[in-house]
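A closer look at the structure
Chain by chain, the residues:
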Amino acid sequence: MTGNKEQVTIKDGILDLRGNAIWEESIVSLDGDWLFHPNQLLTKVDESKNEQLIKVPSKWGDYQTEKEPSIFYGTYQLTILVDKGINEPFIIVVPSVRNASEVYINGNKISQSGTVAAEEKYYTPMNVPTLTTFTATDNGVIEVLIQVANYLDPYDAGIIRSVEFGTSSTIRVETLLSYSMQLIVMIAFLIYAIYSFALFLIHEHNKNYLYTFFILFFAIVIQSLGSHEKILTFWLQLNFEWNIRLANIGAIGLSIGLYLIAKVGYKISNKLWSHGFYAVCISMLLLTIFLPLQWLQYIADACNFILISTCFYAIIQLIKSIREEFFVADIWKMLAVVALFHNFIWWGIWIEQGIRVAFYPIDLVVTIACFTMMWLHRYVNLYRKSLEQAESLANVAKEKDSFLANTSHELRNPLHSMLQLTEVVLDRNKNQLDERATKELRTVLHVGNRMSILLDDLLDLARLKLTKPKIQYQSFYLQAIVPGIMDMFEVMIDKKRVQLKNEIPEDLPPVYADENRVLQVIYNIFHNAVKFTDYGWIKLKATIDDRKIVVTIMDTGVGMDQSTFFRVFEPYEQDESMSYLSEGGVGLGLSISKQLIELHGEKLYGRSKKGLGTELSFTLQISDHTPTKEVKVIEKPQLNDRDVMEEEAHASILIVDDDLVNLYVLESILSKENYQVTAISDSNRALEHLFQKEWDLVILDVMMPNLSGYELTKEIRERYSKTELPVLLLTALSHSKDMEVGFHAGANDYVVKPVDSTELLARVYNLVQMKRLTKQQVEMEAMWLHAQIQPHFIFNTLNTINALSVFKPDKMRGLIERFSEILRKKFDFASHHQFIPIKEELQIVEDYLYIEKVRYGDLLTIKWNVHDTKNYVIPILTIQPIVENAIKHGIMRQQKGGSLEIKTVKRNGILQIIVKDNGIGMSKEILAQLQSGKWTNGRGIGLWNTNKRWKQLFGKELRIRSLEGIGTVVVYRIEEVNDRRGGYDASNIDR
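Given the structure is predicted, the values throughout are model-derived calculations rather than measurements.

The rules behind these values
Residues numbered from 1 in each chain as written. Predicted model: local features only at pLDDT ≥ 70, side-chain atom pairs only at ≥ 80, totals over all residues. Heavy atoms only, no water. Helix = DSSP H or I, 4+ residues; strand = E, 2+ residues; numbered from the N terminus. Buried < 20%, exposed > 50% of the residue type's maximum accessible area, 1.4 Å probe, protein only. Areas by Shrake-Rupley, 256 points an atom, 1.4 Å probe, with all protein chains shown as cover. Core = buried A, V, L, I, M, F, W, Y, C linked by side-chain atoms within 4.5 Å. Contact = heavy atoms within 4.5 Å. Salt bridge = Lys/Arg side-chain N within 4 Å of Asp/Glu carboxyl O. Phe/Tyr/Trp six-rings, centres within 6.5 Å; stacked < 30°, edge-to-face > 60°. Axes fitted to C-alpha atoms, helices over the stretch in contact; angles between N-to-C directions. Parallel < 35°, antiparallel > 145°, perpendicular 65-115°, else oblique. Left-handed = near helix turned anticlockwise from the far one by under 90°. Nonpolar A, V, L, I, M, F, W, Y, C, P; charged D, E, K, R; others polar. pLDDT = per-residue confidence, 0-100. Polar contact = N/O pair within 3.5 Å; in protein donor to acceptor, adjacent residues only side chain to side chain. Pairing = 2+ DSSP bridges.

1. Concerning the overall build of the protein
Counting secondary structure elements, the protein contains 25 helices and 31 strands. Sorting the 991 residues of the protein into buried and exposed places 47% on the buried side. Summed over its atoms, the accessible surface of the protein is roughly 51,100 Å², and 55% of this surface lies on carbon and sulfur atoms.

Structure follows, in C-alpha cells:
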C-alpha cells in the first residue's frame, strides 16, 4: 500500500483513539503489545483462562514458557476505543498469518484463512491475507480477536506482519492501487515471457530467448505467489500445500534460467560445477513434488538460498563476460539480473522483518526495460546487417543491370550498322541479286531485327529498374495505330496457318496515354502470341467498361498452366516446357509490358489454359479531348528570309568527335540548315578553337580519348555559363546516372546515339535560340534599367530645385524630399522583382507628378480618382514608367500641354487602374510593335518593358488604346492579394 501509515501506541492490549481522528486520513498500523491466549481459541473476551502480552508482529515461539512449552494455536486480543456515535465502516487488514487464522470483531467471525482448530486433524493451513469491513459498537468499542493455528512449524508461527486498521474508503483505495500495480506488472511479465518464447520458436530456436522466457515467467510466478496480496493464489484457489510447491518450482526454474543465461555470456570451463548445479536443482524439484507438507517449508528455504546464490553468481559471470569480450547486450542482461536480485533481496528482508510496505514495482519494471533494451540492441544489429546485405545485393544487381545495359549498347550500334548496310545493299542491288541471295539477305534482316528487339528489351528492363520513365500522356486513337502493328507481324506468320484479326471498332473513343508505350505493350504481347501460335487465330479487340477502354489480345496457341501464367510476368521467366516452340528471347516482354501499364496507373491481367490459348487484357483511360486526325510533324518554327539570315546564317557551331564518320554525318545534317559548322576530331585541339571566336553552340561526344566530353564540358564551364555557351552531349549511353554526370559537368542537353536527325535539329535550334534570347534579354534589362534612371529627368529636376532655392525655399525643400524618395526607389535594384501595395506604388507616382507639376505648371493638369486599393499589390515601378511615358512622349509633345488622369475602378473583385492622357497618342504601327516580341524603335522602352513584365507575371498584357492626336489609355487589371500565388505577405499591405 502506498498511503500514509501512522504508528500508534498500544498498551496492555488496548488502543485508545478517542479524541484522535488519525484513522480518518491515514492507515493505522496496529503494532504493539497485544494480549495473547496461548493454546486457547476464544470468540469472546471474557472466556480467557490464561493470557500474556505479546509483541505484534512477532513469532510466538519467542514467548514459549515452561507453562506453555509448545504452542500450536492461540488467540490474539486487541481492544480499540473510538469516539461514540461513529457510523462510518472500518476495515481491518490481516496479512498472511502462519498458517491459519480466523478474525472475530465484537464476538462475530468476519473472515478466515484456512481452518483453525484445537486438534491437528481438523486444521487446514492457508496463509492468505484477509480484508474485512465492520462497524464499532454504540459505545465506540471494537474488540478484535484473531485465532491462529500452526501445526506444521509451531515455533515459526503467529502474526509476523503488521495488522492495519482504517476507514473503508482509505484502505480500499490503497488496496486497489497496490493490486492494480501488481496486476499490471504481472501482465507485462507474462507478455514479455510469451514474446520471448515466440522468438525462440521463430529464430531457429535461439536459446537466449528461451532462457529469457524462464527468467520472466518464473520471476512473476514467485512474485504473485509470495506477495502480500498473493494474486495467483486467489486466482487459482491454491491451498497452502500447492502454494509452497509452486513457489519452490518457480524458484528452481528461475535459478536454472539465470544460470543458463550467464553460461551463454561466459563459457564455464568446469563441467563438474555445471553438472552439480543441475543435480541440486533436479533434487530440489523432486523433493518439492514428492515430500509431504511438513517438510516443504525447509525445502522452500533451500530453494530460496539457491535462487539468491544463482542471482549473485550470474551477476559475477556476466561482469566477467563484459570485461573479457565487451558486448552491449551483455550489459543490459547484467542490469536486468541486478534489478531482479535487488527485488528478491529487499522482498526477503521485508518478509523476515514483518514489514508490510507498498508494492514496489520499480526494480521489476527496470528488469523488463533492460531485457527490452537487450532485444532492441540485437534487433538493431540484425537490422544493420540486413541493410548491409541488402546494399550488397543492390550493388550486385546494379552491376548486373549495368553490364546488361553496357553490353546491349555495345551490340546495338554495330547491329544497327549491319542492318542499315544490309538494307542499302538490298535496295541498291535489288535488280542484280538472284532470288536466293535476296532471300538470304532478308533472313539476315529478320534475324537482326529479332536481336534488336531482344537488345531493346534488355535496355528497357534496365531503365525500368534504374528509374521510372516519365509517361508522356496524349490523346490518340487505338484504331489508327493497330493496323501498322498487324502489318509488321504479317511477315512472321507467312508459313503458319494463323489469321490476324483486328476487331477494334471504328467508333472507339480516343485514349489518354503514352502512345509510344502503348505501341510497345501491344507489340510485346502480339509478338509473344505469334511465337506460340502455330494455327488458328490471334485477335485484338477493344471494349468500353466503366470509363475505361479494355484492350484484349487473344490467341489459340499452346497456352500455359496457372502457375506458369503468373510466373511469366517476372523478368527472365518463360514456360520451359514450350521453349522448343519459341524463336528465342529471354522472357522480358510481358514483364516490361506489365510495368509500363502500371506506370499509367492501370492494370494488365488475363488467363491461360494449356492447349487452348491465352488471353491478355489491359486497361487505358478514355480521353476527354478529341485528338487531331492529322499526322503531327515536329518541325522548326517558320521564319521569313530576314529572320533566317539574322537567326541562323551566323549561328556558329563547334562539333568535337573522335569518330570521323560521326563528324561527317553531323556536319551534313547541320550544314543544310544554314549553320556555320566547324568539325574537330581532336579534343585537345578543340580547346584552342574554343576561345578563338564566339560560338553559339558546342556539340561534344562523351567518349573521346585524351579529353572526354565531360572534361571538355567542365573546361568550357570555367569560362562560360550555360546561357553564354550551350553544350550538347552525344552519347551511346542512356542511363539516368550517365545523364546526371553530364548535367553536373555543365551540359545543357543530351542526344542518344544513333542520332535521329529530326531530334538533333530540334535540340540544336532550341539551344541556339536560348542563347540568343538570353543575350537579348540581358540587353533589354540593361535598356530598362537605363530607362528607369534618365539623366535628363535628374538634370531638369536639379535645375528646378536651383531656381526655387532663390525665390521659394519652402517649396524647394518639399521638392527635394519628393525627388530623394523617387531616387531611392529607382536605385533600389534589389526590389525590382518584388510586389508592393498599390498604395506605395501610387505614392511613387504622386512624388513624380509633384516634381513634374512644379516644372510645367499650368501646362500639366493632373486628376486623381483613386479609392479602395486595399488588399491589392503590384510589381514595383510598374505605373510610374507609364505615367512618365505619357508626360514625356505624349502631353509635353504638345505646345498647349495637356491633362493626365489616374483612377481606379473595382468590379467583381478585380481592380482596374486606368492611366489616361490627352497627348499626341501613338500610331497603329507602334501599337503593333508593342504587342510583338521585339522592340526596335529605341524609344518608349519603358512602356514596352512594363507590358512585357506584366505578361510574364500575370499571363496577360496591359490594355493599351491610343489614337494619334487624341491620346492614350493604359489599363491594369489586378486580382486581390488573397488569390495571388507569390511570396508577398498580405499582412504587410497597410504598413
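2. Points about the nonpolar core
Grouped together as the largest cluster of nonpolar side chains are 56 residues, with contacts concentrated most on Phe-189, Leu-254, Leu-258 and Leu-307. Listing elements by their share of this core, those giving two or more residues are helix H1 (168–202), helix H2 (207–226), helix H3 (231–236), helix H4 (240–265), helix H5 (271–290), helix H6 (293–324), helix H7 (328–353) and helix H8 (362–428). The greatest single-element share of this core, amounting to 12 residues, is contributed by H2. Those residues in contact with Leu-307, other than ones at most four positions away along the chain, are Ile-222, Ala-251, Leu-254, Ser-255, Leu-258 and Phe-344. The next biggest cluster of nonpolar side chains, apart from the first, holds 39 residues, and it includes Leu-500, Ala-513, Ile-525 and Phe-565.

3. Quick word on the pattern of salt bridges
Per the stated rule, a full pass over the model turns up 17 salt bridges. Lys-59 is the partner of Asp-156 in a salt bridge, and the nearest nitrogen-oxygen pair spans 3.2 Å. Of this pair, Asp-156 sits in the loop between strand E11 (141–149) and strand E12 (164–167) while Lys-59 sits in the loop between strand E5 (52–56) and strand E6 (73–81), and the two are 97 residues apart along the sequence. Salt-bridge contacts for Glu-503 lead to Lys-539; the nearest nitrogen and oxygen are separated by 3.8 Å. Pair noted here: Glu-503 is in strand E14 (residues 497–503) and Lys-539 is in strand E16 (residues 535–545), with a separation of 36 residues, a long-range link. Relative accessible area serves as the criterion here: at 39%, Glu-503 is assigned to the partly exposed category. Among the charged side chains, a network of salt bridges with common partners joins Glu-694, Asp-696, Lys-771 and Arg-772.

4. Quick word on the packing of aromatic side chains
The full count for this structure, using the stated rule, is 21 aromatic pairs. Where Phe-72 meets Tyr-151, the ring centres are 5.5 Å apart and the plane angle is 15 degrees; that geometry is what we call stacked. Note that Phe-72 is positioned in the loop between E5 and E6 and Tyr-151 in the loop between E11 and E12, a separation of 79 residues in sequence. A residue is classified by how much of its surface remains accessible, and Phe-72, at 31% relative accessible area, is partly exposed. An aromatic cluster is present here, built from Phe-197, Phe-200, Phe-213, Phe-214, Phe-217 and Phe-218 joined pairwise through their rings.

5. Examining unusual backbone geometry
Note the cis peptide between Val-56 and Pro-57, where omega equals 5 degrees. By the element assignment, Pro-57 lies in the loop between E5 and E6. A cis amide bond, omega 0 degrees, links Arg-98 with the succeeding residue Asn-99. Secondary-structure assignment places Asn-99 in the loop between strand E7 (90–94) and strand E8 (100–105). Phi at Asp-12 is positive, roughly 55 degrees, even though this residue is not glycine. Its location among the elements puts Asp-12 in the loop between strand E1 (5–7) and strand E2 (14–16). Phi is positive for Asn-871, which is not a glycine, with a value near 70 degrees. Given a relative accessible area of 27%, Asn-871 falls into the partly exposed group.

6. Observations regarding the packing of H1 against H2
Remark: H1 packs on H2, axes separated minimally by 8 Å, with the N-to-C direction vectors making an angle of 160 degrees. Classified by the angle between their axes, H1 and H2 sit roughly antiparallel to one another. Seen along the crossing, H1 lies across H2 with a hand that is left-handed. Facing H1, whose interface residues are Val-185, Met-186, Phe-189, Leu-190, Tyr-192, Ala-193, Ser-196, Phe-197, Leu-199 and Phe-200, H2 presents Lys-207, Tyr-209, Leu-210, Thr-212, Phe-213, Leu-216, Phe-217, Ala-219, Ile-220 and Ser-224. When its residues are assigned to classes, the contact of H1 with H2 shows 16 nonpolar, three polar and one charged.

7. Description of the confidence of the model for the protein
Low pLDDT means the predicted coordinates in that region are not meant to be read closely. Of all residues in the protein, 77% have pLDDT values of 70 or greater, and the mean over the chain is 77. Across residues 629–649, confidence stays below pLDDT 50; counting only partners more than four residues off in sequence or on other chains, it has 26 contacts. Below pLDDT 50 for its whole length, residues 979–991 participates in 21 contacts with residues either more than four positions away or in separate chains.

8. As for the side chain of Thr-438
For Thr-438, the position within the fold is in helix H9 (residues 435–466). A polar atom in the side chain of Thr-438 sits 3.0 Å from the backbone oxygen of Asp-434.

9. What to know about the sheet that holds strand E26 (residues 860–865)
Spatial ordering of the open sheet is given by E26-E28-E29-E31-E30, a layout of five strands whose pairing is mixed. The open sheet terminates on both sides in strands that have one partner only, identified here as E26 and strand E30 (959–963). Within the sheet, the average angular offset between the axes of one strand and its neighbour, ignoring direction, is 10 degrees. For strand E28 (residues 898–907) and strand E29 (residues 910–917), the ladder comprises eight bridges, and the chain directions are antiparallel. What sits directly across from Ile-902, in E29, is Val-915. On the sheet, helix H22 (residues 838–856) packs against E26, E28, E29 and strand E31 (967–975) and is oriented at approximately 160 degrees with respect to E26.

10. Structural notes on the sheet that holds strand E19 (residues 613–621)
Either a parallel or an antiparallel arrangement is found when strands of a sheet pair, and the pairing is made through backbone hydrogen bonds. Here we have five strands laid out as an open sheet, ordered E14-E16-E17-E19-E18, and mixed in their pairing. Unpaired on one side and paired on the other, E14 and strand E18 (604–609) mark the two borders of the sheet. If you compare each strand with its neighbour and ignore which way they point, the axes differ by 15 degrees on average. Where strand E17 (residues 548–555) meets E19, eight bridges bridge the pair, whose relative direction is antiparallel. The partner of Val-550 across the bridge, within E19, is Thr-619.

11. Re the side chain of Lys-539
Here Lys-539 falls in the buried class, since its relative accessible area comes to 15%. Apart from residues lying up to four places away in sequence, Lys-539 is in contact with Lys-501, Glu-503, Thr-552, Ile-553 and Met-554.

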